[in-house]
Amino acid sequence: MAVPVDQEVSFRLWPPSDSTRALLVEKMATNLASISFFSMKYGRIDKAEAAQHAKRIEEEAFVVAQQQECESDSATVQMYAKQASRLMLEALKAAGKRETFFDISGGKRAFLTKSDAQEILKPLTEAGNSYNKICLSNWSFGKDAGLVAQEILSGIKGNLLDVNLADIVAGRPEVEALEVMAMFSESLAGSKLKSLNLSDNALGEKGVRAFSALLKSQKSLQALYFMNNGISEEAARAICELLPSGQDLRTLHFHNNMSGDAGAQALSSLVEKATLLEDFQFSSTRVATEGGVALCQALQAGKSLRRIDLRDNMFGPEGGIALSKTLTSHPDLVEVFLGDLGMEDEGVAALAKALTGCAPNLRVLDLGGNEIGPKSAPFLAACIKTKQALITLNLAENELKDKGAVIVCEAIKEGHTSLKELDLSSNELTRVGAVAAAEAVANKSALTKLNLDANRISEAGIVALKEALDKGVAGQKVLASLDDNGEEDDDEDGDDEEDDDADDLGMGNLKV
């Protein structure tokens, strides 16, 4: 409809909406943490600190602009932007005065020449620098560049606490790569590091031993990362041989290696010494029952785990039972990732019973891909009911079927006000199970995602579950794509086998 020419139309530029202010905070945080002319000149701020600075800067700039008596909204907006820019510059200058983090990982991945290395590592040679944390990953050092780094790092190693050498020899021939790793090792030997990251280097036993001098000299490491390193049984034994102690470790991450049972058994000696562990990851490492049980037993030496990630191994039911005994020793668990372990009903039932009585502040529980059926659903439901702080519950790729889903969803229905994500995809659900899930989360105001894909929900069932969501505060917007949903099987819930009592598991007499 046309606006009459004699009618004034005004648009308010001030004050900005909440969404506009939030967008500005996000943009400022990105700029503060990015490599730019100003960050190179004054100093760079890490992402977590940048977010805090951005929020403070926006709030201060808003207050100043609000208090100014400007002639127009446009002038007020300009004042707001000018004040924010001034405060950002001050934050970068302040960071430059106390810059402690040297990070070159954000650049384009490339081979480093000698001259490249001299230029890019130049800030580390400047007199009076206070760098104690360095990240040299994402650049491939050859022999010439390695010699440059060796000389520079030897001069500052006394100041270093945190060193990230992930992915530093990509694409190099084995002989050259081992030589370069040995250079880094020699240059940093004797440093008193708190954190060391050697991920994404094709180490194997030879690579681990190339870092011998460095590893042997570390007596107070608190964080150690070997992710995607090709850590075999022999390499695992080498790590345990070279590290003088693991008693101060708080974080220990192994991921995407080929350790197998023997490697896990070897590394369990290191885990057992690390009684202060808070964050333990041993995922995608080809570990089966024997190795899994060894790791679980080693973890019982400590009591301080807050995060555990053992995903994508094959512990089996026996491994699940061993885990149940371990987790009761760690009352402060917040995140538990145990997906794709093949624990089956027996292992999951034992685990659920154990978790029911501990970890009251659990926020993330991932049990996807464990062949969980209706038999263990009552134990799982009892556990979930006690975990009112849950934010994420992943039960995807199991065999709960409608019967199991209804039992689990009933436990979620009351409370769980912080729940953001529920994943029941690929569980052989039909309309009954899908609607039960929708009804369980319909009134969760924090919910952002309900995943029911790859089930067998009929068209009528999809309509019904959407109606259930619309009756609550969540609405259909939380429903993930159903692109892989199949056709409903009317006989799906009629399996005699799945109607057995949960007691058939023989879990009633299990002592955890």
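Per chain, residue numbering runs from 1 following the sequence as it is written. Under the rules for a predicted model, residues below a pLDDT of 70 receive no local features and side-chain atom pairs below 80 are neither given nor counted, while totals for whole chains, interfaces and linings still include all residues. Side-chain figures throughout are based on the complete set of non-hydrogen atoms in the structure, without hydrogens or water.

Secondary structure assignment for the protein chain yields 18 helices and 15 strands. Each of the three principal axes of the protein chain carries a C-alpha extent, and together these read 85 × 75 × 35 Å. Buried positions account for 50% of the 512 residues belonging to the protein chain. The long-range fraction of contacts in the protein chain, counting pairs at least 24 apart against all pairs at least 6 apart in sequence, stands at 85%. Accessible surface is estimated by sampling points in the Shrake-Rupley manner with a 1.4 Å probe; for residues, cover comes only from the protein chains shown. With the model as given, the accessible surface of the protein chain reaches about 24100 Å², and the carbon-plus-sulfur share is 48%. Helix and strand assignments come from DSSP, with helices taken as H or I runs of at least 4 residues and strands as E runs of at least 2, each series counted from the N terminus. Exposed residues in this analysis have more than 50% of their type's maximum accessible area, buried residues have under 20%, and partly exposed residues fall in between, with area computed by a 1.4 Å probe over protein chains only. Whether two residues are in contact is decided by their heavy atoms: any pair within 4.5 Å suffices.

Before going further, it helps to spend a moment on empty space enclosed by the protein. In the cavity and pocket records, a cavity denotes points on a 1 Å grid over the protein atoms alone where a 1.4 Å probe fits but cannot get out, a pocket denotes an open set with protein on both sides within 12 Å along at least 5 of 7 lines, and lining residues are residues with an atom within 4 Å of a point. Grid points are joined across faces, edges and corners, and a volume is the space filled by probe spheres set on the points. A full pass over the atoms with the stated rule returns 1 cavity of 30 Å³ or more. Of the voids in this model, the largest cavity is the one considered here, and its volume is about 50 Å³. Val271, Glu272, Ala274, Thr275, Leu277, Ala298, Leu299, Ala301, Gly302, Leu305 and His330 are the residues that line the largest cavity. For the lining of the largest cavity, the secondary structure elements donating two or more residues are helix H11 (260-273) and helix H12 (289-299). Each residue receives one of three labels: charged for Asp, Glu, Lys and Arg, nonpolar for Ala, Val, Leu, Ile, Met, Phe, Trp, Tyr, Cys and Pro, and polar for the others, Gly being one of them. Taken together, the residues that form the lining of the largest cavity break down as 7 nonpolar, 3 polar and 1 charged.

Turning to the environment of Ser269, a few remarks are in order. Mapped onto the elements, Ser269 comes out in helix H11. Take Ser269: its relative accessible area is 33%, and that puts it in the partly exposed class. In sequence terms Ser269 and Val163 are 106 residues apart; their C-alpha atoms lie 24 Å from each other. At 2.8 Å, the side chain of Ser269 forms a polar contact with the backbone oxygen of Ala266. We define a polar contact as two N or O atoms separated by no more than 3.5 Å, with the added condition that, inside protein, one atom must be a possible hydrogen donor and the other a possible acceptor, whereas residues neighbouring each other in sequence contribute only through side-chain atom pairs.

Burial runs high along strand S8 (residues 251-255): 4 of the 5 residues are buried. Note: two strands are recorded as paired if DSSP finds a minimum of 2 bridges between them. Two strands pair when backbone bridges link them, and strand S7 (residues 223-227) and S8 are joined in this way by 5 bridges, in the parallel orientation. Its bridge partner being in S8, Tyr225 is matched across the sheet by His253. By definition, the crossover connecting two strands over a helix is right-handed if that path, from the first strand to the second, turns clockwise as seen with the strands pointing away from the viewer. Where the polypeptide runs from S7 across helix H10 (residues 233-242) and back to S8, its parallel neighbour, the crossover connection is right-handed. Two elements, S8 and strand S9 (residues 279-283), share 5 bridges in a ladder whose sense is parallel. For His253, the partnering residue across the bridge sits in S9 and is Gln281.

Every buried residue of helix H15 (residues 377-385) is listed here: Ala377, Phe379, Leu380, Ala381, Cys383 and Ile384. For H15, the elements touching its buried residues are helix H14 (344-356), strand S13 (392-394) and helix H16 (401-413).

Two cysteine sulfurs form what is called a disulfide whenever their separation falls within 2.5 Å. Summed over the entire model, instances satisfying the criterion amount to 0 disulfides. This cysteine, Cys409, is not joined by any disulfide, and Cys383 carries the nearest cysteine sulfur, 15 Å off.

The next subject is the pairing of S7. In terms of residue burial, S7 counts as a mostly covered element, since 4 of its 5 residues are buried. Where strand S6 (residues 195-197) meets S7, 3 bridges bridge the pair, whose relative direction is parallel. Counterpart to Ser195 in the pairing with S7 is Ala223.

What makes a salt bridge here is a side-chain nitrogen of Lys or Arg within 4 Å of a carboxyl oxygen of Asp or Glu, nothing more. As enumerated under the stated definition, the model contains 17 salt bridges in all. Two residues, Glu176 and Arg172, come together in a salt bridge whose shortest N-O distance is 3.9 Å. Beyond isolated ion pairs, a larger network of salt bridges with shared partners links Asp279, Arg307, Asp309, Arg311, Glu335 and Asp366.

Under the pairing criterion, centres of Phe, Tyr and Trp rings, with the six-membered ring standing for Trp, must be within 6.5 Å; the plane angle then separates stacked pairs below 30 degrees from edge-to-face pairs above 60, leaving the rest tilted. Across all of its chains, the model carries 8 aromatic pairs by this definition. Summarising the aromatic geometry, the rings of Trp14 and Tyr80 are spaced 5.2 Å apart at their centres and angled 70° between planes, so their arrangement reads as edge-to-face. Residue Trp14 is found in the segment before helix H1 (18-33), and its partner Tyr80 is found in helix H4 (residues 73-97); the two are separated by 66 residues along the sequence. With 6.0 Å between their ring centres and 25° between their planes, Phe280 and Phe282 make a pair best called stacked. Residue Phe280 shares its accessibility class with Phe282, and that shared class is buried. Between the NZ or CZ atom of Arg21 and the centre of the ring of Phe62, over which it lies, the distance is 3.8 Å. Counting as a charge over the ring demands two things of the Lys NZ or Arg CZ atom: a distance within 6 Å of the ring centre and an angle within 35 degrees of the ring normal. In this structure, Lys133 is placed above the aromatic ring of Phe101, and the distance from its NZ or CZ to the ring centre is 4.4 Å.

Here the focus is the packing of H10 against H11. Angles shown run from 0 to 180 degrees and are taken between the N-to-C directions of axes, each axis being a line fitted to C-alpha atoms and, for helices, limited to the stretch in contact. With their axes 8 Å apart at the nearest point, H10 and H11 run at an angle of 10° to one another. As judged from the angle between their axes, H10 and H11 are roughly parallel. Contacts from Glu233, Ala236, Arg237, Ile239 and Cys240 of H10 reach H11 at Ala262, Gly263, Ala266, Leu267, Ser269 and Leu270. Taken together, the residues of the contact of H10 with H11 sort by class into 7 nonpolar, 2 polar and 2 charged. For classification purposes, angles smaller than 35 degrees are called roughly parallel, those larger than 145 roughly antiparallel, those between 65 and 115 roughly perpendicular, and all remaining angles oblique.

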